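# A structural walkthrough
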Amino acid sequence: QVQLVESGGGAVQAGDSLRLSCAASGLTAGSDAMAWFRQGLSGSDREFVASIRWSAHYGDSVKDRFTISIDKAKNTVFLQMSSLKPEDTAVYYCAASSYYTGYMQEKYTYWGQGTQVTVSS
């Protein structure tokens, strides 16, 4: 059974940094593709943030500010977020698929429960 458990969310000020973690079980992070999505308070569709398998991919709004990485020993995926902005406020979700690393949320099979990130100005 696959489980993805996010942690590390919280309330920060604009310009701060925060690191999210996604502990995976039932799959192998890096062999399977891992991704982060986010959903804003308006309840709009989930936005692609980043993904990683053999290489990392980023959404345009976070490129050069966020970094996705994998600790294979811990089977955990991280999202290091820097220079945070109020528009980064959202629930951040970890997702996994067997191979897909693109931006289409429907291609990801497994999802975590989400962790809230709030950035104030």
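Report follows, based on the coordinates. In this text, all values refer to a predicted model and were calculated from it rather than measured experimentally.

Reading guide: rules and limits
- Residues numbered from 1 in each chain as written.
- Predicted model: local features only at pLDDT ≥ 70, side-chain atom pairs only at ≥ 80, totals over all residues.
- Heavy atoms only, no water.
- Phe/Tyr/Trp six-rings, centres within 6.5 Å; stacked < 30°, edge-to-face > 60°.
- Buried < 20%, exposed > 50% of the residue type's maximum accessible area, 1.4 Å probe, protein only.
- Lys NZ or Arg CZ within 6 Å of the ring centre and 35° of its normal.
- Core = buried A, V, L, I, M, F, W, Y, C linked by side-chain atoms within 4.5 Å.
- Helix = DSSP H or I, 4+ residues; strand = E, 2+ residues; numbered from the N terminus.

### Let's talk about the packing of aromatic side chains
Across all of its chains, the model carries six aromatic pairs by this definition. Arranged with centres 5.5 Å apart and planes meeting at 65 degrees, the rings of Tyr100 and Tyr108 form a pair that is edge-to-face. The exposure class of Tyr108 is buried, given its relative accessible area of 4%. Between the aromatic rings of Tyr108 and Trp111, the centroid separation amounts to 6.4 Å while the plane-to-plane angle is 70 degrees, which identifies the pairing as edge-to-face. The rings of Phe37, Phe48, Tyr93, Tyr100, Tyr108 and Trp111 are connected pair by pair, giving a single aromatic cluster. The side chain of Arg19 reaches across the aromatic face of Phe78, ending 4.1 Å from its centre. Sitting over the ring of Trp111, Arg46 keeps its end group 4.6 Å from the ring centre.

### What to know about the nonpolar core
The biggest cluster of nonpolar side chains holds 26 residues, and the ones touching the most others in it are Met34, Trp36, Leu79, Met81 and Tyr92. Elements that contribute at least two residues to this core include exactly strand S3 (18-25), strand S4 (33-39), strand S5 (47-52), strand S7 (66-71), strand S8 (76-81), strand S9 (90-97) and strand S11 (115-120). Formed by six residues, the second largest nonpolar core is a distinct cluster that contains Phe37, Phe48, Ala95 and Tyr108.

Read these as layout, nothing more, since geometry by itself doesn't imply function.
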